[in-house]
Amino acid sequence: KKIRFYPIFALLMTDKTFNTIKQLLESPKKVVIVPHQNPDGDAVGASLGLSLFLQKLGHQAQVISPNDYPKFLKWMPETDKVIQFEQHFKKATKIIEESELIFIVDFNALNRTGDAMTKVLETLKIPLVMIDHHQQPDNFTELIYSDTSICSTCQMVYQFIEKLNRLDKIDAAIATCLYTGIMTDTGSFKYRSTTSTTHRIIANLIDKGANNNDIHNSVYDTNTYSGLQLLGRALSNLRVINEYNTAYITISEADKSEFNFSKGDTEGFVNYGLSIDNIVFAVIFIEDASQGIIKMSLRSKGNFSVNQFARTHFEGGGHDNAAGGKSKDTLENTVKTFLALLPQYKSDLNKNEGNL
């Protein structure tokens, strides 16, 4: 199947697209909401917040996640009702095939759901609606609400509800979900994508019942002893390459096993590399034997685009300053490949140092 990318002018939700989606929602439907594989706070928050909202409109809404997500997100409203496609293949497939409308949230390429789920989604003859803020969406649907200038998909869900003139439907549970996603995808509101509009939305979500203190504590202050030990190992594995203003961390399967790794334990580790003076580019390489890949999280400062770097070299993508990638090579060889690429980016990395 040939993939093309939508041009920039086609990214924003047009009135025609909005009216089509609005019309689809005028009568009760069986709706499935799908986040990306290994969903983060924004993906989970957007999925649950949208699901709860659609239920209030009279729809049967079900979140089906490709796989499991971190423990520090499992306190959120209705997380116990999320179905994991990987664990409940037959049940999830049946629900998807019987649905009348699919919402794709926080990703823009079907392969981000994994091979098995992608095959199911590709066979559907029903409308798919994409709500996402990542760059260069694939053309698997014409019903697109995509805006790379918005800090999080949860903010987009809020603005979608606002455009429907149904902010009155946002209760404490929906507000909690959307607040969580905005908070996590903005690094607690510190990234430059956080705008005055974001803060006004956050204020409204607090007024609607989101307890900002409890949410922050639930996400960020739930460390385990073994998780902190793994952080210690990650920091001992941290390497700095001053010539390229770059830092990287490696975590092997042996490291994960030694410290009883569970999903989400490495959340935010890559930012320690980026916090070092004069570092422009930071990467963490995590060995994942179950999937046979090396997972990569890439972060940058200034104008160095890790989205483009990940797309070009490591089958990934995301945002200019935050992206993901993967490699099917060994951990050692993946790092060697990465290091060999840096010389061609030396000018950009050194140029960006002056913009910090």
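For the structure, check the block above.
In this report, we go over the structure that sits alongside the text. Just so it is clear, the structure is predicted and the values come from calculations on it, not from any experiment.

1. Points about the packing of aromatic side chains
By convention here, two paired aromatic rings are described through the distance between centres and the angle between planes. All chains considered together, the criterion is met by 14 aromatic pairs. Ring geometry for Tyr179 and Phe189: centres 5.8 Å apart, planes at 75°, overall edge-to-face. In this pair, Tyr179 sits in helix α6 (residues 172-185) while Phe189 sits in the loop between α6 and α7 (196-207), placing the two residues ten residues apart along the sequence. Taking 6.1 Å as the distance between ring centres and 80° as the angle between the ring planes, the aromatic pair formed by Tyr248 and Phe285 counts as edge-to-face.

2. A few points about the environment of Ile150
In this structure, Ile150 sits in the loop between β6 (143-146) and α5 (153-163). Owing to a relative accessible area of 8%, Ile150 belongs among the buried residues under this scheme. Residues Ile150 and Leu121, 29 residues apart in the sequence, show an inter-C-alpha distance of 26 Å. In contact with Ile150, not counting residues within four places along its chain, are His133, Tyr145, Gln155, Met156 and Gln159.

3. Observations regarding the pattern of salt bridges
Within the structure shown, the criterion is met by eleven salt bridges. Note that Lys81 is salt-bridged to Glu78, the shortest N-O span being 3.4 Å. Salt bridges sharing partners connect three or more residues here, namely Arg233, Asp255 and Glu258.

4. Let's talk about empty space enclosed by the protein
Rolled over the atoms, a probe with the dimensions of a water molecule shows which regions are left empty. For the coordinates displayed, the defined rule picks out one cavity of 30 Å³ or more. For the largest cavity, the calculated volume is near 40 Å³. Lining the largest cavity are Pro35, Pro39, Val44, Ser47, Leu48, Val63, Ser65, Tyr69 and Val82. For the lining of the largest cavity, the elements supplying multiple residues, two or more each, are α2 (41-56) and β2 (60-65). When residues of the lining of the largest cavity are assigned to their parent elements, the largest contribution, three residues, is made by α2. A class-by-class count of the residues in the lining of the largest cavity yields seven nonpolar, two polar and no charged.

5. Observations regarding unusual backbone geometry
Backbone geometry follows two general trends: most residues other than glycine have a negative phi, and most peptide bonds adopt the trans configuration. The phi dihedral of Asn245 is positive, around 50°, even though this residue is not glycine. Locating Asn245 in the fold gives a position in the loop between β7 (239-241) and β8 (246-251). Classification of Asn245 as buried rests on a relative accessible area of 5%. One non-glycine residue, Glu315, adopts positive backbone phi at about 50°. For Glu315, the position within the fold is in the loop between α12 (306-313) and β11 (317-318).

6. Structural notes on helix α9 (residues 225-236)
The end-to-end C-alpha separation of α9 is 17 Å, in line with the 16 Å expected for twelve residues at 1.5 Å each. Residues of α9 that are buried include every one of Ser226, Gly227, Leu230, Leu231 and Ala234, and no others. Buried residues of α9, viewed axially, fall in a sector of 150°; they line one side. Where α9 is buried, its residues touch β8, α10 (253-258) and α11 (270-274).

Analysis parameters
Note on numbering: residues in each chain are counted from 1, in written sequence order. Only residues with pLDDT of 70 or above have their local features reported here, since the model is predicted, and side-chain atom pairs are shown and tallied only from 80 upward, although totals for entire chains, interfaces and linings are computed over all residues. Hydrogens and water are ignored here; the side-chain numbers use all heavy atoms of the structure. Working definition: rings of Phe, Tyr and Trp (its six-membered ring) pair if their centres are within 6.5 Å, and the pair is stacked with planes under 30 degrees apart, edge-to-face with planes over 60 apart, and tilted otherwise. Numbering of helices and strands runs from the N terminus; a helix is a DSSP stretch of H or I covering at least four residues, while a strand is a stretch of E covering at least two. The buried label goes to any residue with under 20% of its type's maximum accessible area, the exposed label to any with over 50%, and the partly exposed label to all in between, with areas taken from a 1.4 Å probe on protein chains only. Note on contacts: a residue pair is in contact if any heavy atoms of the two residues lie within 4.5 Å. Salt bridge, as used here, is a side-chain nitrogen of Lys or Arg placed within 4 Å of a carboxyl oxygen of Asp or Glu. A pocket, in this scheme, is an open set of points on a 1 Å grid over the protein atoms alone with protein on both sides within 12 Å along at least 5 of 7 lines, while a cavity is a set where a 1.4 Å probe fits but cannot get out; residues line either one if an atom lies within 4 Å of a point. Grid points are joined across faces, edges and corners, and a volume is the space filled by probe spheres set on the points. Gly is put with the polar residues, along with every residue not named as nonpolar or charged; the nonpolar set is Ala, Val, Leu, Ile, Met, Phe, Trp, Tyr, Cys and Pro, and the charged set is Asp, Glu, Lys and Arg. The span you would expect from a helix comes to 1.5 Å times its residue count less one. Note that the arc is defined by the directions from the helix axis to the C-beta atoms.

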